[in-house]
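Here is how the chains run, residue by residue.
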Amino acid sequence: MITLNVQVGRNLCFVWIFICFGSFILFRNRTNLPEEQTVSDRPSQQPISTESLILKTPYQTLSSIPLQWKPGESPRTTIAESSVPGFTLFHNLYVFNHTFYVVTSTPELVPSSGRIISNGIDSWNKRNGKLPTEKDLAIISPEEADDIFGRSANTLGGVSFLQTDGPELLHHSRWYNFFVEIFALWQWRCYTSPDFDEFLGGQTRELPTRYIFPRVTQAQWKDGRGMNTWIMEAILGPVAIRFQDDWNIRMKQGDVLMLEHAAIGDLTAKRRDLEDALYRKPGFPFPLRIRTGWWESIRDRVLSHTPRSPLMVPSNDQDNGYTVTYISRQSTGRRLRQRDHSRLVDALRSLCDVHGYHLQVLNTDKMTLVEQIMAISRTTVLISVHGNDLAGQLWVRPTQRSTIIEIFSPGGFIYDYEYCSRALGHKYYGIWMDRFFTTSDLPPVSIPNGFHSHDIPVNAETITSIIYHRLSM
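To start, this report covers the structure provided alongside it. Computed from a predicted model, the values in this text were never measured in an experiment.

Quick look at the overall build of the protein chain now. Assigned secondary structure in the protein chain consists of 16 helices and 19 strands. Buried positions account for 53% of the 473 residues belonging to the protein chain. Pairs at least 24 apart in sequence give 80% of the contacts found in the protein chain among residues at least 6 apart. When the accessible area of the protein chain is evaluated, it comes to approximately 21,600 Å², of which 53% is carbon and sulfur surface.

Written as structure tokens, this is what we have:
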């Protein structure tokens, strides 16, 4: 009995040690930086295709080519079955007198018009008030096409991207709204999806020959810094972007246009089906499969458009060390408390000096667009207060260590740049003073009083600890 009690005592002792050790590990992981998640632990967006994207230069002829047909033999419109609300791919989409026409003998196979397009009328958050009519999108038979079009049309070859929202959704001083949210994270990610490979003839994607904004003027679309214009011209060329004024002139000519390949994007149609706050949540699936490297070709195309100097060549993590970039917002409305900004800069300099990292402290208000893009493109860790500068993560090459650190006024959070980080493959950290959160434990969306404060607090050591953790893996 004594021997048994001793043995039991020993067992209880081991159990007690195990419990204490486990509690220590749990406490350490809650108070210090978490271990890196495995791929299976990370919130999944959608099954990913590993087939590489092949980018094809755009169709070169911008002018239209006359087309005629015999009675009842107008080219039929076909629609990709994988099209989703707010992004629809067409072959042979007609346009006449501001109305888009789908010519088909099987109208029952055409998605409802509200999933394709809106009427473009400003009515913020009143999605049902933007439902399209037959003036916006009409579905007609080949015989009706003969009567309306007169058995002829002018063909616009190549791929035409159209964004059919009105100025309410496209007029904003932040280039995030159009280029990041609409073009990059929505239209281009959809267009490159392998779900459209069959409709588009494989994994090759032709760059758009033209980008048409039929319901906004250039002045309404252009952001304050001119980023939209410069970047889209870098991708497509300067003559490929058309706005409401150009479109109206073309429509007044009375021409029937047939767009050989067309992609209609409409943010209202997308939001009618799915709330923004819902589709951005971690773990909520993207409506299409995502192709590996879906953004790589656009990023490389933009970077190749910039003149390079020896100081601007993007670095590689393995060859040239790591680059930490802090974008200061001290000259803007939403910014850090001045002493915390100074302490952060000092702490970053100390960290980088000790470990041999490269440090960039940028004020983008004093930089050209090219300087901004090239400086950010050589970044491993990007840090800034919540704001438009964090959209520069588009130019950061995703690696095992690429990291975005977004500083908020304590208690505040919105998905914009976390969602962008997740889509691009960067590790994300949100900061509240001396606390942090990642994609696996995001707080609820909140814009409290002080969200746009010019006195946001931050603990420098919290940020430097994250950086060292990420770059010493």
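The next subject is the nonpolar core. Core analysis: the biggest nonpolar cluster contains 77 residues, and F178, F179, F183, M232, I235, W295 and L394 have the highest contact counts within it. Grouped together as the second largest cluster of nonpolar side chains are 25 residues, L344, L351, C352 and I407 included.

With that settled, consider unusual backbone geometry. The backbone of N92 shows a phi angle near 60°, a positive value even though the residue is not glycine. Looking at the secondary structure, you find N92 in strand β5 (residues 87-96). For N92, a relative accessible area of 18% gives the class buried. At N97, a residue that is not glycine, the phi angle is positive and equals roughly 55°. Relative to the helices and strands, N97 is located in the loop between β5 and β6 (99-103).

Further remarks concern helix α2 (residues 142-149). Residues P142, A145, D146 and F149 constitute the buried set of α2. Along the long axis of α2, the arc covered by the buried residues comes to 105°, so they all point the same way. On its buried face, α2 sits against β5, β6, β7 (137-140) and β8 (152-163). Once α2 ends, the next one or two residues include G150, with phi positive near 75°.

This next bit is on the packing of aromatic side chains. Considering all chains together, one arrives at 33 aromatic pairs under this definition. With a centroid separation of 5.4 Å and 55° between ring planes, the pair formed by W188 and Y191 is classed as tilted. Here W188 pairs with Y191, and both are found in helix α4 (residues 175-191), just 3 residues apart, close to one helical turn. Each of the two residues, W188 as well as Y191, counts as buried. The ring of F286 is capped by R189, whose NZ or CZ atom sits 4.1 Å from the centre of that ring. For the cation-ring pair, R205 lies above Y191, with the distance from its terminal atom to the ring centre recorded as 5.9 Å.

Let us now look at the pattern of salt bridges. As enumerated under the stated definition, the model contains 13 salt bridges in all. Of the charged contacts, one joins R289 and D195 as a salt bridge, the two residues approaching to 2.7 Å between their closest N and O atoms. With R289 in the loop between α10 (276-279) and β13 (290-291) and D195 in the loop between α4 and α5 (197-200), the pair connects residues that are 94 residues apart, well separated along the chain. R337 is paired through a salt bridge with D340; the nearest N and O atoms lie 3.9 Å apart. The class of D340 is buried, set by a relative accessible area of 5%. A network of salt bridges, in which partner residues are shared, links E181, R271, R280 and D416.

Ordered by their spatial adjacency, 6 strands build an open sheet running β15-β14-β16-β17-β18-β19, and the pairing between neighbours is mixed. With partners counted over all chains shown, the strands left at the sheet margins are β15 (358-362) and β19 (435-437), one partner each. Put simply, the sheet's adjacent strands are angled 20° from each other on average, direction ignored. Of the strand pairs in this sheet, strand β16 (residues 381-385) and strand β17 (residues 403-408) are connected by 5 bridges, and their pairing is parallel. Following the sheet pairing, L382 is matched in β17 by I404.

With that settled, the discussion passes to the packing of α4 against helix α15 (residues 416-424). Packing of α4 against α15 brings their axes to within 12 Å, and their N-to-C directions diverge by 35°. Read as a crossing pair, α4 and α15 show a hand that is left-handed. Of the residues in α15, those touching α4 at Y176, V180, L185 and R189 are D416, Y417, Y419, C420 and A423. Split by residue class, the contact of α4 with α15 holds 7 nonpolar, no polar and 2 charged.

The rules behind these values
Residues numbered from 1 in each chain as written. Predicted model: local features only at pLDDT ≥ 70, side-chain atom pairs only at ≥ 80, totals over all residues. Heavy atoms only, no water. Helix = DSSP H or I, 4+ residues; strand = E, 2+ residues; numbered from the N terminus. Buried < 20%, exposed > 50% of the residue type's maximum accessible area, 1.4 Å probe, protein only. Contact = heavy atoms within 4.5 Å. Areas by Shrake-Rupley, 256 points an atom, 1.4 Å probe, with all protein chains shown as cover. Core = buried A, V, L, I, M, F, W, Y, C linked by side-chain atoms within 4.5 Å. Arc of directions from axis to C-beta. Phe/Tyr/Trp six-rings, centres within 6.5 Å; stacked < 30°, edge-to-face > 60°. Lys NZ or Arg CZ within 6 Å of the ring centre and 35° of its normal. Salt bridge = Lys/Arg side-chain N within 4 Å of Asp/Glu carboxyl O. Pairing = 2+ DSSP bridges. Axes fitted to C-alpha atoms, helices over the stretch in contact; angles between N-to-C directions. Left-handed = near helix turned anticlockwise from the far one by under 90°. Nonpolar A, V, L, I, M, F, W, Y, C, P; charged D, E, K, R; others polar.

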